[in-house]
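Letter by letter, the chains look like this.
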Amino acid sequence: MLQSLEILNGELSPKYDIYNNIYSVKVEKNITSLEINYVINETDTINIIGNNNFTDGENIVLIEVFNGTSLTSYTLNVLKETSQVINNYNEIINQVEVKKELPIYVAPFIASFAFLIILFTFWLLFKKGKH
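Let me sum up the structure you'll find in this document. (Residues numbered from 1 in each chain as written. Predicted model: local features only at pLDDT ≥ 70, side-chain atom pairs only at ≥ 80, totals over all residues. Heavy atoms only, no water.)

Here we come to the sheet that holds strand E5 (residues 45-49). Taken in spatial order, the five strands of this open sheet run E2-E3-E7-E6-E5, and their pairing is mixed. Each having just a single partner strand, strand E2 (11-13) and E5 make up the two edges of the open sheet. For this sheet, the mean angle separating the axes of adjacent strands, direction not counted, is 25°. Sheet topology places E2 next to strand E3 (residues 22-27); three bridges connect them, and they run antiparallel. Across the sheet, residue serine 13 finds its bridge partner in E3, namely serine 24. (Pairing = 2+ DSSP bridges. Helix = DSSP H or I, 4+ residues; strand = E, 2+ residues; numbered from the N terminus. Axes fitted to C-alpha atoms, helices over the stretch in contact; angles between N-to-C directions.)

A few words now on the pattern of salt bridges. According to the stated counting rule, one finds one salt bridge in the structure shown. Between lysine 26 and glutamate 81 there is a salt bridge, and its shortest N-O distance comes to 3.9 Å. Of this pair, lysine 26 sits in strand E3 while glutamate 81 sits in the loop between strand E7 (71-80) and helix H1 (89-94), and the two are 55 residues apart along the sequence. Take glutamate 81: its relative accessible area is 34%, and that puts it in the partly exposed class. (Salt bridge = Lys/Arg side-chain N within 4 Å of Asp/Glu carboxyl O. Buried < 20%, exposed > 50% of the residue type's maximum accessible area, 1.4 Å probe, protein only.)

By the secondary structure assignment, asparagine 51 is in the loop between E5 and strand E6 (57-66). Not counting residues within four places of it along the chain, the set of residues in contact with asparagine 51 comprises Ser33, Leu34, Ile36 and Val61. (Contact = heavy atoms within 4.5 Å.)

Okay, the packing of aromatic side chains next. Each aromatic ring pair is described using two quantities: the centre-to-centre distance and the angle formed by the ring planes. Applying the stated criterion across every chain yields a total of four aromatic pairs. Between the NZ or CZ atom of lysine 127 and the centre of the ring of tryptophan 123, over which it lies, the distance is 5.1 Å. (Phe/Tyr/Trp six-rings, centres within 6.5 Å; stacked < 30°, edge-to-face > 60°. Lys NZ or Arg CZ within 6 Å of the ring centre and 35° of its normal.)

If you want it as structure tokens, here you go:
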């Protein structure tokens, strides 16, 4: 079992806990492998798998600790930042939607129309019938 785990060139999340076996690590785009600082018992052996040639996006690093009778595995989900080149800047600018303000006369028009509907409704409800 790992006694401690620290990633020197990335951000380990959550912080190392002896009861947790799965972690996320965020690294910058220029990182190709993790610099791992760990502590194990003197009689344990450790094997680190997949800690090289990271590609953009998600990579998996496995840490196996063997104590002679049992094997404990830790999974590091390494997210390598990607950089995307914008090829057509003008196309992106054209897709931005600009919201225009309503003309100044719209609000009074809607209020007047609603008032007329209310008046008409009252007139229908309270008019005296001719008999």
